[in-house]
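Remarks on the overall topology
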Amino acid sequence: MRTIKLILKYLLAAFFVLAGINHFRDTDFYMRIMPPYLPWQLFLVYLSGVFEIALGVLILTERYRRVAAWGLIALLIGVFPANLHMAFNPELYPEFSRTALWLRLPLQAVFVTWAFLYTGDRVEAAYHPA
């Protein structure tokens, strides 16, 4: 079980680092999914990208793992309006099926649960037995 949690931690980190980098590589896509009622949209796209990269890296460190996990949870909650916007406005995203847009919503819960695995002391202690 320790090995699985360790692998999952590295996969979680890689996912967020790559997703964060993508905010800078494909800024237009992230601008398109921003709900129109949010101000400073470009700033928010870049800010979320920076946080995805930083938290993805920090979750790999023992010292900052817990705060990074909680930060990822907060970030996932913070970007949820963009996923809702996509699901409720599928005509704006013809490259995605309606099913895919709706499946993104429960997928957020999967990522929140995944990050939550790393909020406690016991998880990291499993990697470094005394």
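First, a word on scope: everything that follows refers to the structure included in this document.

Parameters at a glance
Residues numbered from 1 in each chain as written. Predicted model: local features only at pLDDT ≥ 70, side-chain atom pairs only at ≥ 80, totals over all residues. Heavy atoms only, no water. Axes fitted to C-alpha atoms, helices over the stretch in contact; angles between N-to-C directions. Helix = DSSP H or I, 4+ residues; strand = E, 2+ residues; numbered from the N terminus. Parallel < 35°, antiparallel > 145°, perpendicular 65-115°, else oblique. Left-handed = near helix turned anticlockwise from the far one by under 90°. Contact = heavy atoms within 4.5 Å. Core = buried A, V, L, I, M, F, W, Y, C linked by side-chain atoms within 4.5 Å. Buried < 20%, exposed > 50% of the residue type's maximum accessible area, 1.4 Å probe, protein only. Phe/Tyr/Trp six-rings, centres within 6.5 Å; stacked < 30°, edge-to-face > 60°.

Quick word on the packing of helix 1 (residues 2–25) against helix 4 (residues 65–88)
In the contact formed by helix 1 and helix 4, the axes pass within 13 Å of each other and the chain directions differ by 50 degrees. Classed by the angle they form, the pair helix 1 and helix 4 counts as oblique. Note on packing geometry: the crossing formed by helix 1 with helix 4 is left-handed. Counted together, Lys9, Leu12 and Phe16 of helix 1 and Arg65, Leu72, Leu75 and Leu76 of helix 4 form the full contact between these two elements.

A short note on the nonpolar core
Note on soluble globular proteins: their nonpolar side chains tend to be buried together. If you look at the biggest cluster of nonpolar residues, it comprises 15 residues, and the most contacted ones within it are Leu12, Phe16, Ile59, Leu72, Phe111 and Tyr118. Those elements giving two or more residues to this core turn out to be helix 1, helix 4 and helix 5 (98–116). With six residues, the single largest contributor to this core is helix 4. Those residues in contact with Phe16 that sit more than four places away from it in its chain are Glu52, Ile53, Gly56, Leu72, Leu75, Leu76 and Phe111. If you look at the next biggest cluster of nonpolar residues, it comprises nine residues, including Tyr30, Ile33, Ala82 and Tyr93.

Some words on the environment of Leu105
Tracing the backbone shows Leu105 in helix 5. As for Leu105 and Gln41, which are separated by 64 residues in sequence, their C-alpha atoms are 21 Å apart. Apart from residues lying up to four places away in sequence, Leu105 is in contact with Phe80, Asn83, Leu84 and Ala87.

Some remarks on the packing of aromatic side chains
What the rule picks out here adds up to nine aromatic pairs. Each ring, one from Phe15 and one from Phe16, has its centre 5.2 Å from the other, and the planes form 90 degrees; the classification is edge-to-face. Since its relative accessible area comes to 2%, Phe16 is described here as buried. Between the aromatic rings of Phe88 and Trp102, the centroid separation amounts to 5.2 Å while the plane-to-plane angle is 90 degrees, which identifies the pairing as edge-to-face. Note that Phe88 is positioned in helix 4 and Trp102 in helix 5, a separation of 14 residues in sequence. The class of Phe88 is exposed, set by a relative accessible area of 54%. Residue class for Trp102 comes out partly exposed when judged on its relative accessible area of 41%. One aromatic cluster is present, built from ring pairs that chain together Phe15, Phe16, Phe111 and Trp114.

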